[in-house]
Amino acid sequence: MIAYFRIFTLVIFIGMLIPVHYNAQDKLRPRLSFSYLKDGNAERYLKVKAIARIDRKSTPITRVPLKFYFIEISEENFLGTAETDMDGVAQLLLPDKFYDLSKGKTEFKFITVLEDQDNYRDVDSDITVYESALELDLTEEDGEKIVKARLFRIDSSSAKTPVEDAEVKILVARPFGPLPISEAGEVTDENGALSTVFPDDLPGDETGKVNIIASLEDSDEFGSVRTNQDIIWGLEAEFDDKTLKRSLWAAGANAPLGLLFFVNSLIIATWGIIFYIIYQIFLISKHK
Amino acid sequence: MRSYQPDFYFLSKPMEKIESDLLQHIPHWRKRDKVWVAFLTVVIFIGIYAYYRQLRYGLVVTAMRDFTSWGIYISNFVFFVAISLVGSLVSSILRLSKAKWSIILSRISEIIALASIICASIIIIVDMGRPDRFLNVFIYGRIQSPIIWDVIIIATYFVISYLLLYISLIPDLALCRDKLHNVPKWQKAMYRILAVNWKGNAQQYKIIHRVTAILSLSVIPVAFAIHTVTSWLFSTTWRPGWDSTNLGPYFVSGALMAGAAVLIVGMYFIRNSLDLKEYISEKLFDNMGKLLVLLSLVYLYFNINEYLGPSFKMVGVEGEHITELFYGSYAWLYWLVQIFGLILPIVVLVFAKMRKPFPLLIVSVLVIIGAWLKRFLIVIPSLQHPYLPIQDVDDSYRHYYPTWEEWAITFASFAGVLLIITLLIRLIPVIPIWELKEEKEQKNIES
């Protein structure tokens, strides 16, 4: 019995000495939130936010490369690589190769892959979206400025099918973020349309120009789609020309004359003395 | 028998002996000199590696965040600018007040001033997130900005500090050129070029005296301006602890005190390592000790002015800032600085025995440490109490613990100052020989 006890103790002791490796188990499993953005009809992006649970908190995974593919993971369908930033977000502007690969297609499947890292397991995620068109129609009827946004699904023959019940927002670009002018929660009708009246009291730039935006955000079917258009519908803004007058807070070219005179006089006087002294050193070398 | 002041007993020696004493260290690099230079070089290279990491990954490698956007780089910059004022203190203020003993210390102080202002200029570029855009400061700078005033005044003071050292060095460089034969060729060529054909004739001496007088006068406003403008970087920014009309003289008086302490440390080590005990006499230490007491008293006066008003009113964020300094997380540092870096020197140095070289060295080291930490206390706690609260921020924004990269760069800047000082004192006489010669001739005429 004592012999068994000794062997058991020895096994436990040796077991404590053996370093325990949990290579695979130690690694964190990141979570990827994948989204697709279509800006106007020009640029499209893929955006991924990578997070992991560290100390029971969702923590962004920074500085890791993510690979992006179209339809399937293969060399031919590779779209590019993007690295996550300090917020764990990686963004890829879809390259020309995507447009070549997607010719004639209206259903797009994108795959993103985070390959095996020192601290993270390999993980992938995919998203499937359909080709869409979001159009803005700006008209004036009975003295009212009407903004109409229309959302269509595009099929393989390029035919447009109106999308009903989509939560499209109409906004106006402002310096610190767009201002919504349509009702919150409003959805498109059977024609795929949603309209609102542009307010009369919204300032534009000095010519009255405003930028109107239609936006569909995080739709399961189409991703995020956005389009915008400029129009002279706003009030003409009167700019405060305080910054153009000579003052302490103006641009460098509009510094107060008194300050310019004072500072430059000091610089000229001091550097005048410096150059005089340098000239005197030159004179020392000339005396034989 | 001529009678010399206690500071100038060595003038009773023949001039040839004085010259030989003051030039003897130049051709001989001892092993310990080489080890010291190698050590400083290693520290600098570690700092360069840390700076490479900062350039590669950005300022994110530092602990500076949205609250504390100025860290130890800026406190170090303010410290070096402060130290650089020692050149004008000795070579100008003491010289103009006819304190003849300052002649012996003028070159050491000018060397310290030049080394400090060089490293202050470098450290401010290190603090920039995009140093490649440094020239834009000159191209697009706004003359209304105190930062531009600081750039202008630092550049000006840098040139004046160099001229102050160089002008008074010309006759001694000529002496090196003529008397030092066992130095390397490049060193001989350097003496020949920098001595600008000095022959020691009457016209050349006349120019030197005129130029030295002009420089001595013009360096004072520039020296006061450099540290006043540095203080304006703070006082024109609306932050608790900086919103003070007292900040200019507070900075200048603190700078003169710190500069005097650095000079005493420099005197001590130069005196021992170059075997100049006769020249840098105990009387000089006594004089510098008294001067340090005077400067500490002036600084104490401005300290009281700086803290009494806000601590009496304890208004809003300003009150929070004062509470943090007096009783909060910075209290131990604050009282350490005030007691050991300011009060103790005043009390201790009143006694003549404490103005002997070694005790004075210890007190001066305390003053220097206190001066560096004081700049830290001026910069960091104020930034952590912004008037506009920044909400829902990461916890790291609320504290500031410098990263190893910041410490490595800071230590490298100290090593840089020490390396410049070491190289200069190994290449040139540390006491102006030609001025001693004039002093000796003057005494001969008087007698």
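What counts as what
- Residues numbered from 1 in each chain as written.
- Chains lettered and ligands numbered in written order.
- Predicted model: local features only at pLDDT ≥ 70, side-chain atom pairs only at ≥ 80, totals over all residues.
- Helix = DSSP H or I, 4+ residues; strand = E, 2+ residues; numbered from the N terminus.
- Buried ≥ 20, exposed ≤ 12 C-beta atoms within 10 Å, placed from the backbone.
- Contact = placed C-beta atoms within 7 Å.
- Nonpolar A, V, L, I, M, F, W, Y, C, P; charged D, E, K, R; others polar.
- Core = buried A, V, L, I, M, F, W, Y, C linked by C-beta atoms within 7 Å.
- Pairing = 2+ DSSP bridges.
- Axes fitted to C-alpha atoms, helices over the stretch in contact; angles between N-to-C directions.
- pLDDT = per-residue confidence, 0-100.
- Parallel < 35°, antiparallel > 145°, perpendicular 65-115°, else oblique.
- Left-handed = near helix turned anticlockwise from the far one by under 90°.

Moving on: the overall build of chain B. Within chain B, the regular secondary structure consists of 16 helices and zero strands. Each of the three principal axes of chain B carries a C-alpha extent, and together these read 75 × 50 × 40 Å. Taking all 447 residues of chain B together, the buried fraction comes to 45%. Residue pairs at least 24 apart in sequence account for 83% of intrachain contacts in chain B once pairs closer than 6 positions are excluded.

We now examine the interface of chain B and chain A. The accessible area lost on association of the parts is a frequent measure of interface size. Of the residues lining the interface, 24 residues belong to chain B; the matching set on chain A comes to 19 residues. Secondary-structure elements contributing two or more residues to the side of chain B that touches chain A are α7 (146–179) and α9 (202–235) of chain B. Of the residues in the side of chain B that touches chain A, the class split is 14 nonpolar, eight polar and two charged.

This paragraph deals with the nonpolar core. Membership of the largest hydrophobic core comes to 135 residues, with the highest contact counts inside it found for Val86, Ile112, Ala258, Ala260, Leu263, Met267 and Leu292 of chain B. With 16 residues, the single largest contributor to this core is α7 of chain B. Contacts of Ala258 of chain B, omitting those with residues within four sequence positions, involve Ala82, Ile83, Val367, Ile368 and Ala371 of chain B. The next biggest cluster of nonpolar side chains, apart from the first, holds 37 residues, and it includes Ala90, Leu94, Ala149 and Leu151 of chain A.

On to the sheet that holds strand β7 (residues 107–114) of chain A. All names here are of chain A. Here four strands make up an open sheet; going across it, the order is β5-β4-β7-β8 and the pairing antiparallel. Among the strands making up the open sheet, the edge pair consists of β5 (78–83) and β8 (123–130). Averaged over neighbouring strand pairs, the angle between their axes works out to 20° when direction is ignored. Sheet topology places strand β4 (residues 65–70) next to β5; five bridges connect them, and they run antiparallel. Looking across to β5, one finds that Lys67 is bridged to Thr81.

On to the pairing of strand β3 (residues 57–60) of chain A, then. Residues and elements named next belong to chain A. Examined bridge by bridge, strand β2 (residues 43–54) and β3 share four bridges and lie antiparallel to one another. Paired with Ile54 across the two strands is Lys57, which belongs to β3. Where β2 folds back onto β3 in an antiparallel hairpin, the turn is made up of two residues, including Asp55, whose phi is positive at roughly 50°.

This part is about the environment of Phe326 of chain B. Residue and element names in this part refer to chain B. When you line up the elements, Phe326 lands in helix α12 (residues 316–326). Along the primary structure Phe326 and Ser311 are separated by 15 residues, whereas in three dimensions their C-alpha atoms are 9.1 Å apart. In this view, Phe326 contacts Ser311, Ala331 and Tyr334; residues no more than four positions away in its chain are not counted.

Here we come to the pairing of strand β16 (residues 223–232) of chain A. Residues and elements named next belong to chain A. In this structure, strand β1 (residues 31–39) lies alongside β16, joined through three bridges in parallel fashion. The residue bridging Leu37 from the neighbouring strand is Ser224, located in β16. For strand β15 (residues 209–219) and β16, the ladder comprises nine bridges, and the chain directions are antiparallel. Within β16, the residue paired with Leu216 across the bridge is Val225.

This part is about the confidence of the model for chain A. Of the residues in chain A, 90% have a pLDDT of 70 or more, and the chain-wide mean is 88. Low confidence marks residues 19–24 of chain A, where pLDDT is under 50. Its contacts with residues over four positions away, or in another chain, come to zero contacts.

Let us now look at the packing of helix α10 (residues 247–273) of chain B against helix α11 (residues 282–313) of chain B. All names here are of chain B. Where α10 meets α11, the axes come as close as 9 Å, and the angle between the chain directions of the two elements is 155°. With respect to α11, the axis of α10 lies roughly antiparallel. Crossing of α10 against α11: the hand is left-handed. Contacts from Pro249, Tyr250, Ser253, Gly254, Leu256, Met257, Ala260, Ala261, Leu263, Ile264 and Met267 of α10 reach α11 at Leu284, Phe285, Met288, Leu291, Leu292, Leu295, Ser296, Val298, Tyr299, Phe302 and Glu306.

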